[in-house]
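Below, each chain spelled out in residue letters.
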Amino acid sequence: MQAEPRKSLVGQEYEVEVGPVAHGGHCIARTAEGQVLFVRHTLPGERVVARVTEGEEGARFLRADAVTVLEASKDRIDAPCPYAGPGLCGGCDWQHAKPGAQRRLKADVIAEQLQRLAGLTPEEAGWDGTVLPAEGDKLPAGEVPAWRTRVSYAVDPSGRAGLRRHRSHEVEPIEHCMIAAPGVSELGIERRQWPGMDSVEAIAATGSQDRQVVLTPKPGARLPLVELDRPVSVLRVDERSGGVHRVHGRPFVRERADGRTHRVGAGGFWQVHPKAADTLVAAVMQGLLPRKGDTALDLYCGVGLFAGALADRVGEKGAVLGIESGKRAVEDARHNLAEFDRVRIEMGKVEAALPRTGITEADLIVLDPPRAGAGRKTVEHLSSLGARRIAYVACDPAALARDLAYFREGGYRVRSLRAFDLFPMTHHVECVAILEPAAKGA
């Protein structure tokens, strides 16, 4: 016999006391029956009416929105953005919190993940417990930093550009995204129609005037004539292969960081906040303290940001190996670092490419893995190379904490950890952990 389907609780409302923040942009509450609620648009300590958006009877947890605030936190403000709130744009998580409170919430999440997944207190991780704002982002409550240099707009059936609602394919049409960088906003993406398009990504490079639009058409649709408010290069995503092709203009943008210009092609990865690349390079280099003649690895190296910084600092007798899986990013990294004979860039997934290199030791290692982290197998390999110091750049505190636990098994301890608010108004946070052999720190 088939079990009867569980009753959906979507739309059910509960009056709840809101508990601590959780990883993912929500807080934890419980119904009177003890069922866990992950509630967005609220803050710890508040009393709210929470309306269920996902879940059913007997589920391990429910997702919900705070639709009425009965008792507000002192950290609550009116959301500056008109598209922030239950059922609206899903891009920002903390528009309703004061800027300082947002950073404290992110610090609480980092601390909880470190303790739960790595068994580390902030003191054991060499962390002072703060999340630092990027230069220029420390603004009064009610003001929003315009930081996002890459915005991917979804397009609704009528051809209007907008942003997706939380955990939904539905599009919230917008007239202006408050966190979009000026170079994105000035293109006027939201002010024109995009018939036949599935998405429109707008890119405004840092340190150059390069502007780029990447169009993803719906199957069989023709590209519109792109006439925007500023000069812009246009690329399209091939619906069959997923490859990116130039329509007109340069197939890349030029980004500036650490005193160098980096070519980033075909919608490739670059840090989204205009201060992020310089902030992270400084944190990594201050933590590693490279010496002349060092051998260094830059894993998940993208277009060569950290590899270039290392090459500058290890000198002509040093050597840097970068590993990157994206074909276009490898081409860009090789172009960006062509002046350095001491740099080699290998293409492939780190877990497969690193063993192929035959490298058995290194002085320094930088890794900046994707959101899922590096994983046990890769960490075990890195721990065997005897590096003097390792810099781990992480965009997800849970993945960072899991990998730090693996490094501890491999004989490494966390020397220091710094956290940076490079994604204001969202739940995302960037961390840089510096590791060293545990015997040295004993």
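Residues numbered from 1 in each chain as written. Predicted model: local features only at pLDDT ≥ 70, side-chain atom pairs only at ≥ 80, totals over all residues. Heavy atoms only, no water.

To continue, consider the nonpolar core. In summary, soluble globular proteins display a tendency toward joint burial of nonpolar side chains. Tyr153, Ile189, Trp194 and Val284 are the most contacted members of the largest nonpolar core, which totals 77 residues. Here the element with the most residues in this core is helix α3 (residues 276-288); it accounts for 8 residues. Those residues within four positions of Ile189 in sequence are excluded, and the remaining contacts are Tyr153, Ala161, Trp194, Val200, Ala202, Val213 and Leu228. Residues Ile323, Ala362, Leu367 and Leu385 belong to the second largest nonpolar core, which totals 41 residues. (Core = buried A, V, L, I, M, F, W, Y, C linked by side-chain atoms within 4.5 Å. Buried < 20%, exposed > 50% of the residue type's maximum accessible area, 1.4 Å probe, protein only. Helix = DSSP H or I, 4+ residues; strand = E, 2+ residues; numbered from the N terminus. Contact = heavy atoms within 4.5 Å.)

So, about the pattern of salt bridges. Summed over the entire model, instances satisfying the criterion amount to 31 salt bridges. A salt bridge links Arg104 to Asp75; its shortest N-O distance comes to 3.1 Å. You can see Arg104 sitting in helix α1 (residues 99-118) and its partner Asp75 sitting in the loop between β5 (61-71) and α1, a full 29 residues away along the chain. According to the relative accessible area criterion, Asp75 is buried, its value standing at 16%. Residue Glu135 pairs with Lys275 through a salt bridge whose shortest N-O separation is 4.0 Å. Residue Glu135 is found in the loop between β6 (131-133) and β7 (150-155), and its partner Lys275 is found in the loop between β15 (260-265) and α3; the two are separated by 140 residues along the sequence. On the accessibility criterion, Lys275 (33% relative accessible area) is partly exposed. When salt bridges with common partners are traced through the structure, they connect Arg263, Arg328, Glu331 and Asp332 into a single cluster. (Salt bridge = Lys/Arg side-chain N within 4 Å of Asp/Glu carboxyl O.)

Of the two faces of strand β19 (residues 364-367), the one lined by Leu364 and Val366 and the one lined by Ile365 and Leu367 are each fully buried. With 4 bridges joining them, strand β16 (residues 295-299) and β19 adopt parallel strand pairing. Of the residues in β19, the one forming a bridge with Ala296 is Leu364. Here 4 bridges tie β19 to strand β20 (residues 389-394), and the two strands are oriented parallel to one another. Its bridge partner being in β20, Ile365 is matched across the sheet by Ile390. This β-α-β element, β19 to helix α7 (residues 376-383) to β20, shows right-handed connectivity. (Pairing = 2+ DSSP bridges. Right-handed = clockwise from strand over helix to strand, strands pointing away.)

Looking now at the sheet that holds β19. Neighbouring strands of a sheet are bound in pairs by backbone hydrogen bonds; such pairs are parallel or else antiparallel. Strand order in the open sheet formed by 8 strands is β6-β21-β22-β20-β19-β16-β17-β18, with mixed pairing between adjacent strands. Whereas interior strands pair on both sides, the edge strands pair on one side only; in this sheet they are β6 and β18 (343-347). Looking at each pair of strands side by side, their axes are set apart by 20° on average, direction ignored. Looking at chain direction, β6 and strand β21 (residues 412-421) are connected through 3 bridges and run parallel. In the strand pairing of β21, Pro133 is matched with Asp421. Against the sheet, α1 contacts β6, β21 and β22 (430-437), and its axis sits at roughly 145° relative to β6. Its contacts with the sheet place helix α4 (residues 305-314) against β16, β17 (319-324), β18, β19 and β20, and it is angled at close to 175° to β17. (Axes fitted to C-alpha atoms, helices over the stretch in contact; angles between N-to-C directions.)

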